[in-house]
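Observations on chain architecture
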Amino acid sequence: AVKLATAFILENAGRGIQVPEVAAHVKMSRASLEPRFKRILDRTIHQEIQRVQMEQMKRLLVNSPNPLKQIAMEAGMLRINLHTLRITTVACSRRVI
């Protein structure tokens with residue numbers, strides 16, 4: 001179930017998916033899937049979604065001429081404020097360089 005869920009997250013994180021969508025995709029309750037995620041990956045489903053979105057954002061920051069806010073939306077970060085986005089961008093760019 002975790003393998004199927006992580007594949008779903010990789011494919012769909014860019015559209016701003018949330019934990020209930022992941023659980024529904026693997027036909028499990030969040031309460032059942034969450035402990036498996038934590039045990040196998042040592043992070044929550046939400047953390048995995050955010051991790052994948054951050055990786056997508058880092059790739060886009062390096063390769064895209066688009067404005068920062070558009071890059072964030074393309075990475076699936078639909079609920080992030082601009083201040084957080086700037087801080088995240090600085091952290092990402094430092095890791096990329």
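Summarised in this report is the structure supplied together with it. Worth saying up front: this structure is predicted, and the values here are computed from it rather than measured.

This brings us to the environment of Lys-3. Along the chain, the position of Lys-3 falls in helix α1 (residues 2-12). When its relative accessible area of 72% is taken as the criterion, Lys-3 is described as exposed. For Lys-3 and Phe-37, which are 34 residues apart along the polypeptide, the C-alpha to C-alpha distance reads 9.3 Å.

Quick look at the nonpolar core now. Within the largest apolar cluster, 16 residues are counted, with the highest numbers of intra-cluster contacts made by Ile-9, Val-22, Leu-33, Phe-37, Ile-45 and Ile-49. Going through the elements one at a time, α1, α2 (19-25), α3 (30-41) and α4 (45-63) are the ones with two or more residues in this core. Top element by residues in this core is α1. It accounts for four residues. Setting aside residues no more than four positions away along its own chain, Ile-9 makes contact with Ile-17, Val-22, Phe-37, Ile-45, Glu-48, Ile-49 and Val-52.

Bringing the environment of Arg-43 into the picture now. Tracing the backbone shows Arg-43 in the loop between α3 and α4. Under the relative-accessibility criterion, Arg-43 is labelled partly exposed at 24%. If near-sequence neighbours (up to four positions away) are discounted, Arg-43 is found in contact with Phe-37, Lys-38, Glu-48 and Arg-51. At 2.5 Å, the side chain of Arg-43 and the side chain of Glu-48 are in polar contact.

Phi angles above zero are rare outside glycine, and Lys-27 is one such case at about 55°. A residue is classified by how much of its surface remains accessible, and Lys-27, at 76% relative accessible area, is exposed.

The subject of this paragraph is the pattern of salt bridges. If you walk through the whole model with that rule in mind, you get five salt bridges. In this structure, Arg-15 engages Glu-21 in a salt bridge whose closest nitrogen and oxygen atoms are separated by 3.1 Å. Overall, the relative accessible area of 30% leaves Glu-21 in the partly exposed class. The salt bridge involving Arg-51 is made with Glu-48; its shortest N-O contact spans 2.9 Å. Of this pair, Arg-51 and Glu-48 are both found in helix α4, three residues apart, which corresponds to roughly one turn of the helix. Note on Arg-51: relative accessible area 35%, which makes it partly exposed. Within the structure, one salt-bridge network assembled from shared partners comprises Arg-43, Glu-48 and Arg-51.

Where α1 contacts α3, the axes come no closer than 10 Å and their chain directions differ by 90°. With respect to their mutual orientation, α1 and α3 come out roughly perpendicular. Listed contacts from α3 to Val-2, Ala-5, Thr-6 and Ile-9 of α1 are Leu-33, Arg-36, Phe-37, Ile-40 and Leu-41. Of the residues in the contact of α1 with α3, the class split is seven nonpolar, one polar and one charged.

What counts, and where the lines are drawn
- Residues numbered from 1 in each chain as written.
- Predicted model: local features only at pLDDT ≥ 70, side-chain atom pairs only at ≥ 80, totals over all residues.
- Heavy atoms only, no water.
- Helix = DSSP H or I, 4+ residues; strand = E, 2+ residues; numbered from the N terminus.
- Buried < 20%, exposed > 50% of the residue type's maximum accessible area, 1.4 Å probe, protein only.
- Core = buried A, V, L, I, M, F, W, Y, C linked by side-chain atoms within 4.5 Å.
- Contact = heavy atoms within 4.5 Å.
- Polar contact = N/O pair within 3.5 Å; in protein donor to acceptor, adjacent residues only side chain to side chain.
- Salt bridge = Lys/Arg side-chain N within 4 Å of Asp/Glu carboxyl O.
- Axes fitted to C-alpha atoms, helices over the stretch in contact; angles between N-to-C directions.
- Parallel < 35°, antiparallel > 145°, perpendicular 65-115°, else oblique.
- Nonpolar A, V, L, I, M, F, W, Y, C, P; charged D, E, K, R; others polar.

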